[in-house]
Amino acid sequence: MKKEQSKKYRALQYLRIASQTVFFALFVYLLFGTRFTGEDYIGRVEVFFHFDPLLALATTLASRTFFTVFALAGITVLVTVIAGRYVCGWACPFGAIHQFFSFVFKRVKFLKPRKEEKKEKRLAWKYYLLVFVLVGSLFTVDLVGIADPLSLLYRSFVSGVLPWLAGVFSVFIGLFYSVRLASIGDSLAQFFSTLALNQTFQQGFLLSLIFLGLVLLNLTRERFWCRYLCPLGALLGLLARWNVAKVRVDPKKCIKCNLCTIHCETQANPYPNKEWRSHECVYCYTCAAICPTAAVSFPVAASPEKIEVVNLSRRKLILTSALAVVAAPFFKITPARKRAAAKLIRPPGALPEPQFLQRCVKCGECMKACPTNGLQPALGEAGPEGIWTPVLVPRIGYCEYYCSLCTQVCPTGAIKELSIEEKAKVVIGRAWINKSRCIPYVLGSPCIVCEEHCPTSPKAIKLLRTEVKLPDGSIQTPLAPVIDLDLCIGCGICENKCPVVDDPAIYVTSVGETRSEKNRLLLEILKPQALPEEPR
Amino acid sequence: MRRRDFLKDIAVGGALLRFGPSLLAQASSFPGLVMVQGESPSAITKEAVAALGGMKSFVARGDRIMIKPNIGWDRTPELAACTNPEVVKTLVELCFDAGAKEVTVMDNTTNQAQRCYARSGIAEAAKSAGAKAPFVNTFRLKKMALQGEWLKEWEVFTDFIEADKLINVPIAKHHSLSRLTMGMKNWLGAIGGSRNQLHQRLDEAMVDLAAFFKPELTVLDAYRILIQNGPQGGRLSDVKLQKAVIAGADPAAVDALGATFFNIKPQELPYLKIARRRGLGEIDLEKIRLEKRTV
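Just so we're clear, the structure is a prediction, and the values are computed from it rather than from any experiment.

This paragraph deals with the overall build of chain B. For chain B, the count of helices and strands is 10 helices and 11 strands. In terms of overall dimensions, chain B is globule-like: its C-alpha atoms have a radius of gyration of 17 Å, near the 19 Å expected for 295 residues. Projected onto the principal axes, the alpha-carbon positions of chain B cover approximately 45 × 45 × 40 Å. Classification of the 295 residues of chain B by burial places 56% in the buried group. Sequence-distant contacts in chain B: of pairs separated by 6 or more residues, those separated by 24 or more amount to 74%.

Attention now goes to the packing of helix α1 (residues 7–33) of chain A against helix α5 (residues 93–107) of chain A. All names here are of chain A. In contact at an axis separation of 9 Å, α1 and α5 are set at 120° when each is read in the N-to-C sense. In terms of orientation, α1 lies oblique with respect to α5. Crossing handedness for the pair α1 and α5: left-handed. Only Pro 93, Ala 96 and Gln 99 of α5 make contact with α1, whose side of the interface consists of Gln 20, Phe 23, Phe 24 and Phe 27. Along the lines of polarity and charge, the residues of the contact of α1 with α5 split into 5 nonpolar, 2 polar and no charged.

Residues and elements named next belong to chain A. Among the structural elements, Gln 476 can be located in strand β8 (residues 475–476). A residue is classified by how many C-beta atoms lie within 10 Å of it, and Gln 476, with 16 of them, is partly exposed. Spatially, the C-alpha atom of Gln 476 lies 8.1 Å from that of Ser 445, the residues being 31 residues apart in sequence. Among all residues touching Gln 476, those that are not within four sequence positions of it are Gly 444, Val 468 and Leu 470.

This brings us to the interface of chain B and chain A. Every contact between the two is made by 27 residues of chain B and, on the other side, 34 residues of chain A. Of the residues assigned to the side of chain B that touches chain A, the class counts are 7 nonpolar, 15 polar and 5 charged.

What follows concerns unusual backbone geometry. Residues and elements named next belong to chain A. In the segment running from Tyr 271 into Pro 272, the intervening peptide bond is cis, with an omega of -5°. Along the chain, Pro 272 falls in the loop between α13 (259–262) and α14 (286–290). Phi at Lys 109 is positive, roughly 65°, even though this residue is not glycine. Tracing the backbone through its elements, the reader meets Lys 109 in the loop between α5 and α6 (125–138).

The next point concerns the nonpolar core. Among the nonpolar cores identified, the biggest contains 240 residues, and B:Val245 and B:Ile246 are the most heavily contacted of them. Broken down by element, this core gets its largest block of residues, 9 residues, from helix α8 (residues 202–213) of chain B. Taken domain by domain, the makeup of this core includes at least three residues from each of domain 1 (7–297) and domain 2 (343–509) of chain A. Not counting the four nearest positions on each side in its chain, B:Ile246 is found in contact with B:Leu33, B:Val34, B:Met35, B:Leu220, B:Ala222, B:Val254, B:Leu257 and B:Gly258.

All names here are of chain A. According to the domain assignment, chain A contains domain 1 (7–297) and domain 2 (343–509). On a C-alpha basis, the centres of domain 1 and domain 2 stand 37 Å from each other. Among the elements that take part in the side of domain 1 that touches domain 2, helix α8 (residues 149–178) stands out by supplying 5 residues, more than any other. Residues that form the side of domain 1 that touches domain 2 fall into these classes: 18 nonpolar, 12 polar and 6 charged.

Moving on, we get to the confidence of the model for chain A. Confidence along chain A averages 90 in pLDDT terms, with 95% of residues attaining 70 or more. Element-level pLDDT for chain A is lowest in helix α15 (residues 314–330) of chain A, with a mean of 85, against a maximum mean of 98 in strand β10 (residues 506–509) of chain A.

Okay, the environment of A:Pro354 next. Looking at where A:Pro354 falls in the secondary structure, it is placed in helix α16 (residues 353–359). Placed 346 residues apart in sequence, A:Pro354 and A:Lys8 show a C-alpha to C-alpha distance of 53 Å.

The next point concerns the packing of helix α3 (residues 41–51) of chain B against helix α4 (residues 85–97) of chain B. Two packed helices can be described by the angle between their axes and the distance between those axes. Residue and element names in this part refer to chain B. Taken N-terminus to C-terminus, the directions of α3 and α4 make an angle of 45°; their axes are 8 Å apart at the nearest point. Judged by the angle between their axes, α3 and α4 are oblique. Every pair of crossing elements has a handedness; the one defined by α3 and α4 is right-handed. Packed against α3, whose contacting residues are Pro 41, Ser 42, Thr 45, Lys 46 and Val 49, the element α4 presents Glu 86, Val 87, Thr 90, Leu 91 and Leu 94 at the interface. Split by residue class, the contact of α3 with α4 holds 5 nonpolar, 3 polar and 2 charged.

Cut-off values and rules
Residue numbers run consecutively from 1 along every chain, following the written order of its sequence. Whichever chain is written first becomes A and whichever ligand is written first becomes 1, with later ones labelled in order. Per-residue local features of the predicted model are confined to residues with pLDDT of at least 70, and side-chain atom pairs are confined, for both listing and counting, to 80 or more; whole-chain, interface and lining totals are unaffected and use all residues. Strands here are runs of E lasting at least two residues and helices are runs of H or I lasting at least four, both read from the DSSP assignment and numbered beginning at the N terminus. Taken over C-alpha atoms, the radius of gyration is set against a globule rule of 2.2 Å times the number of residues to the power 0.38. To assign burial, the other C-beta atoms lying within 10 Å of each residue's own C-beta are counted, with C-beta atoms placed from the backbone; 20 or more indicates buried, 12 or fewer indicates exposed, and intermediate counts indicate partly exposed. Note on contacts: each residue gets a C-beta atom placed from the backbone, and two residues are in contact if those atoms are within 7 Å. Convention adopted: a line fitted to C-alpha atoms gives each axis, helices being fitted over their contacting stretch, and angles between N-to-C directions are expressed from 0 to 180 degrees. Note on angle classes: values under 35 degrees are labelled roughly parallel, values over 145 roughly antiparallel, values of 65 to 115 roughly perpendicular, and the remainder oblique. Put simply, a crossing is left-handed when the front helix is turned counterclockwise from the back one by less than a right angle, and right-handed when it is turned clockwise. Three classes are used: nonpolar for Ala, Val, Leu, Ile, Met, Phe, Trp, Tyr, Cys and Pro, charged for Asp, Glu, Lys and Arg, and polar for all others, with Gly counted as polar. The nonpolar core criterion groups buried Ala, Val, Leu, Ile, Met, Phe, Trp, Tyr and Cys residues into a set whenever they are joined through C-beta atoms within 7 Å. What marks off one domain from the next here is an automatic or database domain assignment. A score from 0 to 100, pLDDT tells how confident the predictor is in each residue.

Here you go:
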């Protein structure tokens, strides 16, 4: 028998790698483009999220509203129903990362592919995860962002990979200066400045570890995440049953070597042919290319045949759904729901908290766009369901007065898109002075830094001659800050720039935020401020 | 490092430093201080430099020039928080006309640098005239002996030290601590570190920095001045159209005359009194050879 691998599928494999590279490059390009580029409005850098049917479905379920841009997810659905999970194998940037590392780990022999058991129970995990997330969404606990691959990938890049890369880059720039190649160092440093990378994230280390862990799981199985965990893959898997591209193993050529099944990236099991799992296949064409006798092919089979499916135990499905139902209240055992949290300062344009939590998918787009690095992933401020949602931490970065980038990039409308003019009117909190730490009040000497930086006109921070008694009993009358709460918008630049660095003498809390009817300070009934409307 | 050596030499000759600027001004046939008023920011800047004897009296062929505007805030030129971009651009052009090899425009901003450079219009204006407009680079920060009365040492961006000549081009604005921010306050943008701690003795800090940096020429942009809510304003009603620039080699004299736009006598500004005492220049407007022009 003639032993020859298929050139056609070898070529298709290269085409697939090219496609993955292009999509990954596009992802990175949009990621780097999510910054202040010199223009106030930066365009639809978050568009790839809208092709994600899982985000579309879960957000729609959780918020009971359909965000029209998510219609784009219909394209992904259509492609999958007709052709199969090409999106996973050819387009998904997270899939590309897993495939790349699987390849590397195989090459260095850290990972040795093996023939799996026929009844592989772990393949079902992702379906249970999907059910859990969707049922949870139905009961208004929006956990989809934690596990959605695009959210997870973007969040990991913003808070972990990019800051790490920035650190590496800084070391290199430093090296150029230390070997007296300052001009190269200068050029690199300037280039680096224009990228405006945010390098400080309060959970950066944890989020990096999670990402690293998912990548390292590829040491145990190829594309571990895609095989066993990805809820988006599971959703697409449910849709990939009647697709036209089916694997076919030519029994005349097949030498039963099992190579195709051993090397199948996602355990779709091409051999024996009738046990192939259509909904697990991501069309990487490894099986067809690796087959020593070119027996494996993917002919277009217009009529759906009977197909092997992953065994989902009905009992477990019911159990998972029930778990999601009873888990929903579990996530709400938190004071975050009962009263506003002082440090829960949301980005301008954020919807009222309950609606915000139903929509926010924790992707980190807003944190990438924030020019001051002030938007940070929350840990406990918003309760357990609000983990990794954006919160402004003025000590790290403040809200730039003429900036509405975070509102422009939110893929789910959790932050309503605002023009610069609209944004400048939104109150996200109010500043308070801690007179027991403020320099003029304590030392009797001038400071005025907060007043100087206050961006509103007239300034919300005023300076008044104030009588201060010093420790030696003497009396000084320095200019000391007071706050006009009517004018303060809570941007936090005062807290950020306060020279009392460890625990600023002026600080912002969320009270008085425009979006909330309850977290009020001044009863603004006489001069109503428009609450952000929910986008549709 | 040439500039640094030069500064050392100057520090040695303390007496010369004290009387230098006024002696020089009297020796030349040109006025010590020029104020030009007119409709065009570019035209008044050109005229002011011409009245001082032209840019060639400050810039030598082959010089690497650092121009230090105020790009501190994310505000458009109309709001008068940053130096007028036309004024900066004109100075860049004049430097190149005088034979400068390289012109750099730079400031350590308060708001995000990219935003300030863009919205102020200064980066684009400077680049269109052929200057470089890099962001400050923390790798170029170096702790230096300022030998001031209060500030003994501070982190300085070495770009300002390594340039052959410095041109200071501040804007005239209200400030709630030093009352006004003009030329001397502008040097806070050439340093790094915790600048917000300088405010505890701001007047002294400003003079220490001005004495350290010693610009060749100061051009005070008063085309639009900020009369209240300084130093960043925010409303057009904070701005007054003054349509003037003041130029001179004596940094104290420039600020002294600038104060009059705000109906403040130079002697009322503590930092100018310190500057006078330390011999940075003249603040008594009676004693300054002033020329006023209109174009």
